[in-house]
Amino acid sequence: MLLLDLDRTLVDLQSFTDYGAALGDVERLLGTWPDAPVPQTDWDGPTMACMSVLHALLGDPRWAEVSAAIAVHERAAIPHSTVMPTVLETREILRTTPVAVVTLLAPELVPEVLAAHGIGVGQGAEVDVVIGRSAEIRPKPEPDGLLAACAALGGEPADAVMIGDSSWDAEAATRAGVSFIGVPSSPGSLSGSTCEATLADAVARALS
């Protein structure tokens, strides 16, 4: 059972999303917001701030408006996004094992992002289940999304492997009791974790 991060693990959307503009929209909506206790990662400042505010606002009625404001910029980046190395070569393997995408992206964007690169969602496709950001599920680095994915796939966390590119993925896996294999998108970003150079290598290791 595989749990896959999306951004910079399957598709690079982040590099083409104007999170600086998204952060400006968030600031106009909120003014200020509380800090969120999240681990550092190799994201730039605006990206980190946008993801952190979604964590900090859980339970706040403004969460949906803020998520939607950020999603406008994420959707605009889809035509410019690029598929990560070896992803397309793994499609046949992914169709033979239970797969969930667990992502900080808005869930309605995930099929659009994946379809732009020939990756399907649904029965018989590469991805069976999508767990995106939600006001009801604490996002990574919390374990909730990974646990929800395991439940949706009908398996136990101990039988799952999370593959992702960031410290938030690794931390979420640890908290969920899920094995983790990193595919770091920048050198040293996942020091201390079990890592492989590409998704194909990570999938092969996870299923071996």
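Source: prediction; values computed, not measured.

What counts, and where the lines are drawn
Within each chain, residues carry numbers counting from 1 in the order of the written sequence. In keeping with the model being predicted, local features are shown solely for residues with a pLDDT of at least 70 and side-chain atom pairs are shown and tallied solely at 80 or more, while totals for entire chains, interfaces and linings include all residues. The side-chain figures draw on all heavy atoms in the structure; neither hydrogens nor water molecules are used. Think of it this way: any DSSP run of H or I at least four residues long counts as a helix, any run of E at least two long counts as a strand, and we number them from the N terminus. Values of the radius of gyration come from C-alpha atoms, whereas the globule rule sets the reference at 2.2 Å times the count of residues to the power 0.38. Remark: exposure states derive from per-residue accessible area (1.4 Å probe, protein chains only) relative to the maximum for the residue type, with buried under 20%, exposed over 50%, and partly exposed in between. The contact definition used throughout considers only heavy atoms, calling two residues in contact when any of these lie within 4.5 Å. Each accessible area is a Shrake-Rupley result for a 1.4 Å probe, and residues are judged covered by the shown protein chains and nothing else. His residues and chain termini do not enter the charge count, which takes Lys and Arg as positive and Asp and Glu as negative. Just so you know, the charge point we use is NZ for Lys, CZ for Arg, CG for Asp and CD for Glu. Each residue after the first adds 1.5 Å to the expected span of a helix. What makes two strands pair is DSSP finding at least two bridges between them. Working convention: axes come from line fits to C-alpha atoms, limited for helices to the stretch in contact. Angles between N-to-C directions cover 0 to 180 degrees. Salt bridges are defined by distance alone: a side-chain nitrogen of Lys or Arg within 4 Å of a carboxyl oxygen of Asp or Glu.

Caption draft 1: How the structure looks around the overall build of the chain. A count of helices and strands for the chain gives 8 helices and 7 strands. Its C-alpha atoms give the chain a radius of gyration of 16 Å, within 12% of the compact-globule value 17 Å for 208 residues. The C-alpha extent of the chain, read off along each of the three principal axes, is 50 × 35 × 35 Å. Expressed as a percentage of its 208 residues, the buried residues of the chain come to 53%. Restricting to contacts in the chain with at least 6 residues of sequence separation, those with at least 24 account for 68%. Approximately 8700 Å² of the chain is accessible, and the part contributed by carbon and sulfur atoms is 53%. Charge-centre separation for the chain: the mean point of 11 positive side chains lies 1 Å from the mean point of 28 negative side chains.

Caption draft 2: Quick look at helix α1 (residues 19–30). For α1, with 12 residues, the first-to-last C-alpha span of 16 Å sits near the 16 Å given by 1.5 Å per residue. Among the residues of α1, those classed as buried are Tyr 19, Ala 22, Leu 23, Gly 24, Val 26 and Leu 30. In this structure, the buried side of α1 is in contact with α2 (45–56) and α3 (63–77). In the segment just after α1, Gly 31 is the residue with positive phi, at about 80 degrees.

Caption draft 3: Spatial organisation of the sheet that holds strand β6 (residues 161–164). The strand order β5-β4-β1-β6-β7 describes an open sheet built from 5 strands, whose pairing is parallel. Each edge of the open sheet is held by one strand with a lone partner, namely β5 (129–131) and β7 (179–182). The average undirected angle you get between the axes of adjacent strands in this sheet is 25 degrees. Sheet topology note: the strand β1 (residues 2–4)/strand β4 (residues 99–102) ladder contains 3 bridges and is parallel. Along β4, the bridge assignment pairs Leu 3 with Ala 100. Here helix α7 (residues 167–176) sits on the sheet and contacts β6 and β7; the angle it forms with β7, its principal contact strand, is near 165 degrees. Relative to β6, helix α8 (residues 199–207) is tilted by about 170 degrees, and along the sheet it contacts β1, β6 and β7.

Caption draft 4: Layout of the pattern of salt bridges. Taken as a whole and assessed by the stated rule, the structure comprises 15 salt bridges. Arg 62 is the salt-bridge partner of Asp 60, the closest N and O atoms lying 2.9 Å from each other. One salt bridge connects Arg 138 with Glu 142, and the closest N-O pair in it is separated by 3.3 Å. We classify Arg 138 as partly exposed; its relative accessible area is 39%. Among the ionic contacts, a cluster of salt bridges with common partners joins Arg 138, Glu 142, Asp 144, Glu 171 and Arg 175.

Caption draft 5: Region of interest: unusual backbone geometry. In this model, Lys 140 is joined to Pro 141 through a cis peptide bond whose omega is 15 degrees. Of note, Pro 141 is situated in the loop between β5 and α6 (144–153). You will see that Arg 8, though not glycine, has its phi angle at about 70 degrees, which is positive. On the secondary structure map, Arg 8 appears in the loop between β1 and β2 (11–12). Although it is not a glycine, Thr 86 adopts a positive phi angle of roughly 70 degrees. Within the secondary structure layout, Thr 86 lies in the loop between β3 (82–83) and α4 (91–94).

Purely geometric numbers; function is a separate question.
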